[in-house]
Amino acid sequence: MRTEDQAAATGAEPAAERDRIRRGIRYCLLVFLGVRVTLTIVALVGTALLPSQEPVGPQGWEGSPLVGGWHNLVTSFERFDALWFLRVADQGYFDGDGSAVFFPGYPLLIRGVSFLLGDRPLAAGLLVSNLAFAGALVVLYFLTSAEWGQRVARRSVLYLAIFPTAFFFLAPYSESPFLLFALLAFWGARRGRWAVAGLAGAAAAA
């Protein structure tokens, strides 16, 4: 029979593990929120200072004009390739217009979420990208902490989030879902969960 000390130790281990997981997730979400709020402020200030201009996008999907205003909380990220992803998500591919270079995985995610939101592709694209990036930070944290410890994991999450081009992860681009699925593939492979690794790898390839 187990002694009382052994039973107490066994009960303490799951509690400590749950606390470690909660602290890791909390840290990742705080980093995500900090970057999200900072970029929102930059977007509002930047669009107010820049001269007004019309966005350049694919035929059939014109983005919002670049003018100052509170609408830039959302529309400031509707630029460049984001316009193509939104057009493909809303209208599909067209022969000869170059839309085939945009892989279908991300537009399909936008289309599904947009349906749930009442046909709002831009809102859906932002929601998918931001949730995927937050999830990617969490997966990166636990993948890294298992290999090199919590200190390295925290730095990895922070440095990824504040890298100068990391704003693409928060815009309607496919980078954040790709990052999430790629990290999940590594996470599954390191733990011998080959079904997770295979499915995540396939999703990243899409």
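The sections below set out a description of the structure shown in this document. (Residues numbered from 1 in each chain as written. Predicted model: local features only at pLDDT ≥ 70, side-chain atom pairs only at ≥ 80, totals over all residues. Heavy atoms only, no water.)

1. Some thoughts on the overall build of the chain
When its secondary structure is counted, the chain shows 8 helices and 0 strands. For the chain, the succession of helices and strands along the chain, N to C, is α-α-α-α-α-α-α-α. Across the chain, every contact between residues at least 6 apart in sequence was considered, and the portion connecting residues at least 24 apart equals 57%. (Helix = DSSP H or I, 4+ residues; strand = E, 2+ residues; numbered from the N terminus. Contact = heavy atoms within 4.5 Å.)

2. Things to note about the nonpolar core
If you look at the biggest cluster of nonpolar residues, it comprises 45 residues, and the most contacted ones within it are F133, L137, Y141, V157, L160, L179 and L183. At the level of secondary structure, the elements contributing two or more residues to this core comprise α1 (4-49), α3 (81-91), α4 (105-116), α5 (121-148), α6 (150-162) and α7 (175-190). With 15 residues, the top contributor of residues to this core is α5. Apart from residues lying up to four places away in sequence, L183 is in contact with A136, V139, L140 and L143. (Core = buried A, V, L, I, M, F, W, Y, C linked by side-chain atoms within 4.5 Å. Buried < 20%, exposed > 50% of the residue type's maximum accessible area, 1.4 Å probe, protein only.)

3. Considerations on α7
The end-to-end C-alpha separation of α7 is 23 Å, in line with the 22 Å expected for 16 residues at 1.5 Å each. Where α7 is concerned, the buried positions are S176, P177, L179, L180, A182, L183, A185 and G188. In this structure, the buried residues of α7 make contact with α4, α5, α6 and α8 (194-205). Residue G192 follows α7 closely and has a positive phi angle near 70 degrees. (Expected span 1.5 Å × (residues − 1).)

4. Structural notes on the side chain of S99
Position of S99 among the secondary structure elements: in the loop between α3 and α4. A polar atom in the side chain of S99 sits 2.7 Å from the side chain of D97. If we ignore the near neighbours within four places in the chain, the residues touching S99 are W84, R87, V88, Y93 and F94. (Polar contact = N/O pair within 3.5 Å; in protein donor to acceptor, adjacent residues only side chain to side chain.)

5. Looking at unusual backbone geometry
One non-glycine residue, D119, lies in positive phi territory at about 65 degrees. For D119, the location among the structural elements is in the loop between α4 and α5. You can call D119 exposed: its relative accessible area is 53%.

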